[in-house]
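# Geometric and topological summary
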2 protein chains.
Amino acid sequence: MATIGDVARAAGVSRSTVSYALSGNRTISRETRERIDAAIRSLGFTPNAGARALKTSRTMVLALLLRFHADEFAPAMLEYVLPVTDVAREHGYDILLMTEEDGAAALNRVTRSGMVDGVVLLDVTHADPRLAALREAARPGVLIGVPGDAAGLDVFDLDFGEAARMLVDHLHQLGHEDLVLVTPPRHVFERGGAYAWRFRDAAVERAARYGLRVTTHHGESRQPAVTGTLHEILDARPEATAVVVHNDASIAALPAVLHGRGVVVPRDLSVVSLYSKHFGEAFSLPYTAIETSPDTLARLALERLVKRIELAGDAGTPVVRFVDPDLVDRGSTARR
Amino acid sequence: MATIGDVARAAGVSRSTVSYALSGNRTISRETRERIDAAIRSLGFTPNAGARALKTSRTMVLALLLRFHADEFAPAMLEYVLPVTDVAREHGYDILLMTEEDGAAALNRVTRSGMVDGVVLLDVTHADPRLAALREAARPGVLIGVPGDAAGLDVFDLDFGEAARMLVDHLHQLGHEDLVLVTPPRHVFERGGAYAWRFRDAAVERAARYGLRVTTHHGESRQPAVTGTLHEILDARPEATAVVVHNDASIAALPAVLHGRGVVVPRDLSVVSLYSKHFGEAFSLPYTAIETSPDTLARLALERLVKRIELAGDAGTPVVRFVDPDLVDRGSTARR
DNA sequence: CTGAAAGCGCTTACAG
DNA sequence: CTGAAAGCGCTTACAG
């Protein structure tokens, strides 16, 4: 592969002149620049990334750390991976995708070896084992998902509490007094997925304020348990007039389950949920829902991270930012 | 961050000795090795990736090139991304995820800058614009998906022709004589997604051999077109006794569509399809199907690529490998 | 069993 | 407006 020396020779200039032409950090005469550009094109020269990183301590690569659990319902994951990658490219960064079980070790490895300029942590949990590694790391990071202790870290997430309140308000205004709430699976709570209890607690609290009855159940993440559990949940509280579903696998299975029971929405039952736009489209979900935008979250987080990298410490105090929920009414609720 | 010099100083040895201790390319006395190990641990030393790459011309990073189309049905994509990443790690490689629109440019950039040791091309089309770049590149690559001209390239894919024949045989043995085939959307054919016509052509040919009637239609990739088109397809050929679905979005929507029409499977209609194991689980699909294994494909492709990298040209002649389809009978077909 | 030195391909002060 | 030189952090032949 062509080196800067090859370009310099072909253009009849020094290597430093080629470097300055590349960076634009020096005024270069028009003829010289043209000879250099021609040489670069004809040689197909692209600066060696390793050499550049060695010299500048910048790689223009960001690590994206995923936690991928075998028991997880996967389709929603790509919703974050794609926008993170796209926004990174907009800023000139590539994405190193890390899916290792031991996220803290992966973070240490990639950060200590200087492979990346920063890291994005997805699916952050309450006591996330990656955070200690991140705090010690010589590279900045940004979280999507809220940890128990966010001290010193930039955090972005949907406002799940507000989302729950909006949905409960919506049902309350329609006169519903007996709700069923399907939460994420038990293992999400146990693992410390704070979004799960932020949503649940806010929903329960809001319902209590209005004097509504709420029956709470864990959904499942894999079939056939998803469908079976939904039936049990519906059987357990036949008086309920509305169901709030905060679980991708359950909401995806709900149309078939309700169809099988002869339940017509919203005539017999009102349904509200929370899911991402693309997810809803992929599964053709017809429900009134908080429609999340992983794209927005990814963009906010990435831009914050890029700022931290480029301002090297002068990016100000850490930010915890909750994105406003957006309710889309699809007519799956009716007045009681 | 700690450098090899810091480790050498702390251990009281030369930098080269530390390097040899790291690589194991030299016998080191036990005491020396212990001092070095202690220094590495206490300093949290990890060799600088850029420096190492500069010296060795190896980065231990692989590029994974995705084509992500806005009109595509996304859930299946992650099925490849995750196993590719996992298998890469098993072999000591990290994955650089590239989703740029201009795949050839991305390939050139990453390959000429020496950022990666090899590339994995996903979703390869008949006249894939990335192939010219790959053939010129100074790095090996491997394809998942079959191009029109595979000369000089390692190619892996499911045997879609055989998959189609197996499904048609299955229906023929049950006495079906009037089939409907739902193919991938029109734009997949136009884009050159060879798997689409390899499946369709084989199905049509096999049916003709048995004297079966086949009516072929394009499925859609996004709602609400998916559902609407499925209804049209079923309306257009009420005499058909079986349907073969080769389209993720359509098969995911089919249960609801059939339910809505009061069609009971397999009593009124036999259904067979082709989809990946995880996809089928996510959508709770109850159909007899060729169950693809992106994991297997990813592993075969990755191991081939790693071999090419590590044997540097001595990996033998290029391979085109079609993986055998695997039919899982879920009882969605009945005798006619 | 260990060390001193060269060199990978860049960038950037220093000098003119 | 341009060039010669140092140095980033490694690995590995060369030498002992």
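This text goes with the structure placed above it.
## Examining the overall build of chain A
Helices and strands together make up the secondary structure of chain A, namely 14 helices and 12 strands. Relative to a compact globule of 336 residues, whose C-alpha radius of gyration would be 20 Å, chain A shows 25 Å and is clearly more extended. Projecting the C-alpha coordinates of chain A onto the three principal axes gives extents of approximately 85 × 35 × 35 Å. Per-residue burial over chain A gives 53% buried out of 336 residues. Of the accessible surface of chain A, which amounts to about 14300 Å², a share of 49% is contributed by carbon and sulfur atoms. Charged side chains of chain A number 38 positive and 43 negative; the gap between the two group centres comes to 7 Å.

## A word on the protein's contact with DNA strand C
Inspection of the region around DNA strand C gives 28 residues, with A:I4, A:S19, B:T17, B:R26 and B:T32 positioned closest. Here the atoms of DNA strand C within 4 Å of the protein split so that 49% fall in sugar or phosphate, with bases taking the remainder. In this structure, A:N48 approaches DNA strand C through a main-chain N or O atom, which is 3.3 Å from a phosphate oxygen. Going through the elements one at a time, α2 (15–23) and α4 (49–56) of chain A together with α2 (15–23) and α4 (49–56) of chain B are the ones with two or more residues in the surface near DNA strand C. The element best represented in the surface near DNA strand C is α4(A), accounting for five residues. Tallied by class, the residues present in the surface near DNA strand C amount to 10 nonpolar, 12 polar and six charged.

## Overview of the pattern of salt bridges
One pass over the full model with this rule turns up 50 salt bridges over all chains. A salt bridge links B:R67 to B:D128, with the shortest nitrogen-to-oxygen separation between them at 3.8 Å. Residue B:R67 is found in the loop between β1 (61–65) and α5 (78–90), and its partner B:D128 is found in the loop between β3 (118–121) and α7 (130–136); the two are separated by 61 residues along the sequence. As far as the burial class goes, B:R67 and B:D128 line up, both buried. Through salt bridges that share partners, A:R89, A:D94, B:E100 and B:R109 make up one connected network.

## Structural notes on the nonpolar core
The biggest cluster of nonpolar side chains holds 52 residues, and the ones touching the most others in it are A:L64 and B:L64. Residue contacts for A:L64: discarding those within four places in its chain leaves A:V81, A:V84, A:I95, A:L96, A:L97, A:M98, A:V120 and A:L122. Grouped together as the second largest cluster of nonpolar side chains are 50 residues, A:V182, A:L285, B:A240 and B:A252 included.

## Section: the interface of chain A and chain B
The interface is formed by 45 residues belonging to chain A together with 44 residues belonging to chain B. The contact between chain A and chain B buries some 4000 Å² in all, and 66% of this surface belongs to carbon and sulfur atoms. Where chain A meets chain B, there are six salt bridges. Among the salt bridges present, the one from B:R89 reaches A:E100, with a minimum N-O distance of 3.5 Å. Linking chain A to chain B there are 10 residue pairs in polar contact (both at pLDDT 80 or more).

## Re the relation of the copies chain A and chain B
Least-squares fitting of chain A to chain B yields an RMSD of 0.0 Å, with the superposition described by an axial translation of 0.0 Å and a rotation of 180 degrees. Both copies of the chain, as the preceding transformation shows, are related through a two-fold rotation axis. With an isologous cut-off of 70% or more, the 98% of interface residues of chain A that recur at the interface of chain B puts this contact in the isologous class.

## Some thoughts on the side chain of A:E291
Residues and elements named next belong to chain A. Among the secondary structure elements, E291 is positioned in strand β10 (residues 288–292). Assessed through its relative accessible area of 14%, E291 is described here as buried. Once residues lying within four places of it in the same chain are set aside, the contact partners of E291 are Y275, S276, K277, D326, V328 and R330.

## A few points about unusual backbone geometry
All names here are of chain A. A cis amide bond links V265 with the next residue in sequence, P266, at an omega value of 0 degrees. For D123, which is not glycine, the phi dihedral falls at a positive 60 degrees. Note on placement: D123 falls in the loop between β3 (118–121) and α7 (130–136).

## A few points about the protein's contact with DNA strand D
Taken together, 28 residues lie near DNA strand D, and A:T17, A:R26, A:T32, B:I4 and B:S19 sit nearest. Backbone atoms, meaning sugar and phosphate, form 50% of the atoms of DNA strand D found within 4 Å of the protein. At a separation of 2.6 Å, a phosphate oxygen of DNA strand D approaches a polar side-chain atom of B:S19. At 2.9 Å, a side-chain N or O of B:Y20 approaches a base nitrogen of DNA strand D. Breaking the surface near DNA strand D down by element, the ones donating at least two residues are α2 and α4 of chain A together with α2 and α4 of chain B. A per-element tally of the surface near DNA strand D places α4(B) first, with five residues. Residue composition of the surface near DNA strand D, grouped by class: 10 nonpolar, 12 polar and six charged.

## Let's talk about the environment of A:K277
Within the secondary structure, A:K277 is located in helix α13 (residues 277–282). With sequence-adjacent residues up to four places away left out, A:K277 is seen in contact with A:E291 and A:T292.

## Some points on the side chain of A:T229
Looking at where A:T229 falls in the secondary structure, it is placed in helix α11 (residues 225–236). Setting aside residues up to four positions removed in sequence, A:T229 forms contacts with A:H218 and A:E220.

Parameters and conventions
Residues numbered from 1 in each chain as written. Chains lettered and ligands numbered in written order. Predicted model: local features only at pLDDT ≥ 70, side-chain atom pairs only at ≥ 80, totals over all residues. Heavy atoms only, no water. Helix = DSSP H or I, 4+ residues; strand = E, 2+ residues; numbered from the N terminus. Rg over C-alpha atoms; globule rule 2.2 N^0.38 Å. Buried < 20%, exposed > 50% of the residue type's maximum accessible area, 1.4 Å probe, protein only. Areas by Shrake-Rupley, 256 points an atom, 1.4 Å probe, with all protein chains shown as cover. Lys, Arg positive; Asp, Glu negative; His and termini not counted. Charge placed at Lys NZ, Arg CZ, Asp CG, Glu CD. Near = heavy atom within 4 Å. Polar contact = N/O pair within 3.5 Å; in protein donor to acceptor, adjacent residues only side chain to side chain. Nonpolar A, V, L, I, M, F, W, Y, C, P; charged D, E, K, R; others polar. Salt bridge = Lys/Arg side-chain N within 4 Å of Asp/Glu carboxyl O. Core = buried A, V, L, I, M, F, W, Y, C linked by side-chain atoms within 4.5 Å. Contact = heavy atoms within 4.5 Å. Buried area = accessible area lost by both parts, 1.4 Å probe. Least-squares fit on C-alpha atoms with pLDDT ≥ 70 in both.

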